[in-house]
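Spelled out from the first residue to the last, the chains are:
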Amino acid sequence: ASWDLGSGSDGMSPELAPALNKLLKACGLDTIVGVGAAPAEDYYDFFSEPFGGAESNWSHPHASHAHAHAGGHYDSSRLMHFLPYACDHFHSKQGQYQGQRHQGQQLDMVRSTLRMFRGLTMTLSKTVSEETPAEDVSACLGHLVKLLDGDTTINLRGVKITLDYCFKVSPVGVIHVDMRELSDVEAWAAYLSSTGDLAVAKEKRTFVEKIRCSEEDLASALGISSVHCTSAVAHSRQCEAFLGSLLQAAERAGPLSSAKPIKVVVEACDDLAISETDGSVVLPVSAGAEEALSFLRANLTDALLTTMKYDKELKELDRLKCLVRSRLKIRIYSKDKSVTLHEFRQCSNRLVRMSKSLLPYTEGLNVRVSDANRMSDTSVDIAWNFAA
């Protein structure tokens, strides 16, 4: 229950109430009621400068960024005004989703059991993941588990099945099934015994596995970190021929010098290129072997410099994430793709400096550095250049 300290001359001074409310809130206790009708500015100031944070600044509740909330008004443009409400919103939503998370955990357990003991990989299509209740997915998988437990002659080891709303086999050998048609044990048994999808999928998987082995052989011959063919080309005979001819050319020419960190990606594109993001060398599957090898040698230095810069940025990103998570007790700390590493670093350093005043609100949160302060059901977005 909330504290009631009366009102009027025998009660608490309205000027003292916000300060004491602040202290009670920090201790996880209920706040005071019955202190008289305080003006909007006094109530709003309760959140404006927690613990007297040096970087906090008061802003009028009717500013252009003010928002309505169940507990009052807040200014989303200022972190210290926005964060208490975002914290309450996040934790209330997490409480509402507790049942859904439990169902999701049960589903993960079933999928892990199938993978560990049956060698079967089960995934969900994007449509099923977004639109189908977890209990329906669990029921569908439960029927398959019962079938496999009752008939040990069924061997699905190495098979990959995706629960979807259609029946098909992908180019790389993943079997898509319409979960609406597999509503009981008998339906699963009929599908697995009568369809030719298992044989087709095995043939395609075997071909892709050969492509993956060729990738390793080529990387070794070139003296580089890795060669990877995207799923769009890994199933094609054209890809098989390209890797074979490139391997022969590489064995004749010998390995590249000082090229160990280099990564090569083979995909369906028109031009040979160096990725500006991570320094990967992009080779079209339609390119000639000599042409591709010449491009790789000519652009080796640029690829190495970009790769080393990217690896350094990844290490810096991990360091900042660990630092902020440790200081602010954040559960998940991430970066939106629109935010640069420099902006992420600036934001992270400011959050660390303000950690003492932010900690009462950030513990247990999922925080993402973005372009604006905003709330969602799964995380709290913080503007990288936030106003304190």
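Below you will find a few notes about this structure. (Residues numbered from 1 in each chain as written. Predicted model: local features only at pLDDT ≥ 70, side-chain atom pairs only at ≥ 80, totals over all residues. Heavy atoms only, no water.)

1. Let's talk about the sheet that holds strand 5 (residues 121-124)
Phase 1: Spatial strand order, 5-6-8-7: four strands in an open sheet with mixed pairing. Both edges of this open sheet fall to strand 5 and strand 7 (168-169), since each of them pairs with a single strand only.
Phase 2: As paired strands, strand 7 and strand 8 (residues 175-178) are joined by two bridges and run antiparallel to one another. Bridge pairing links valine 169 to isoleucine 175 in strand 8. (Pairing = 2+ DSSP bridges. Helix = DSSP H or I, 4+ residues; strand = E, 2+ residues; numbered from the N terminus.)

2. Focus on unusual backbone geometry
Phase 1: Its identity as a non-glycine residue notwithstanding, lysine 329 has a phi of 55°, on the positive side.
Phase 2: With respect to the helices and strands, the residue lysine 329 is situated in the loop between helix 11 (300-328) and strand 13 (332-335).
Phase 3: Taking relative accessible area as the criterion, lysine 329 reaches 45% and is therefore assigned partly exposed. (Buried < 20%, exposed > 50% of the residue type's maximum accessible area, 1.4 Å probe, protein only.)

3. Comments concerning the packing of aromatic side chains
Phase 1: For the structure on display, the rule yields two aromatic pairs.
Phase 2: Geometry around phenylalanine 386 places arginine 350 over its ring, the cationic atom sitting 4.0 Å from the centre. (Phe/Tyr/Trp six-rings, centres within 6.5 Å; stacked < 30°, edge-to-face > 60°. Lys NZ or Arg CZ within 6 Å of the ring centre and 35° of its normal.)

4. Some thoughts on the pattern of salt bridges
Phase 1: Counted under the stated rule, the structure contains twelve salt bridges.
Phase 2: Between glutamate 240 and arginine 237 there is a salt bridge; the shortest N-O distance is 3.2 Å. Placement of both glutamate 240 and arginine 237 in helix 9 (residues 237-253) is noted, with a separation of three residues, approximately one turn of the helix.
Phase 3: Assessed through its relative accessible area of 36%, glutamate 240 is described here as partly exposed.
Phase 4: Judged by relative accessible area, arginine 237 falls into the exposed class, the value being 58%. (Salt bridge = Lys/Arg side-chain N within 4 Å of Asp/Glu carboxyl O.)

Geometry only, nothing functional implied.
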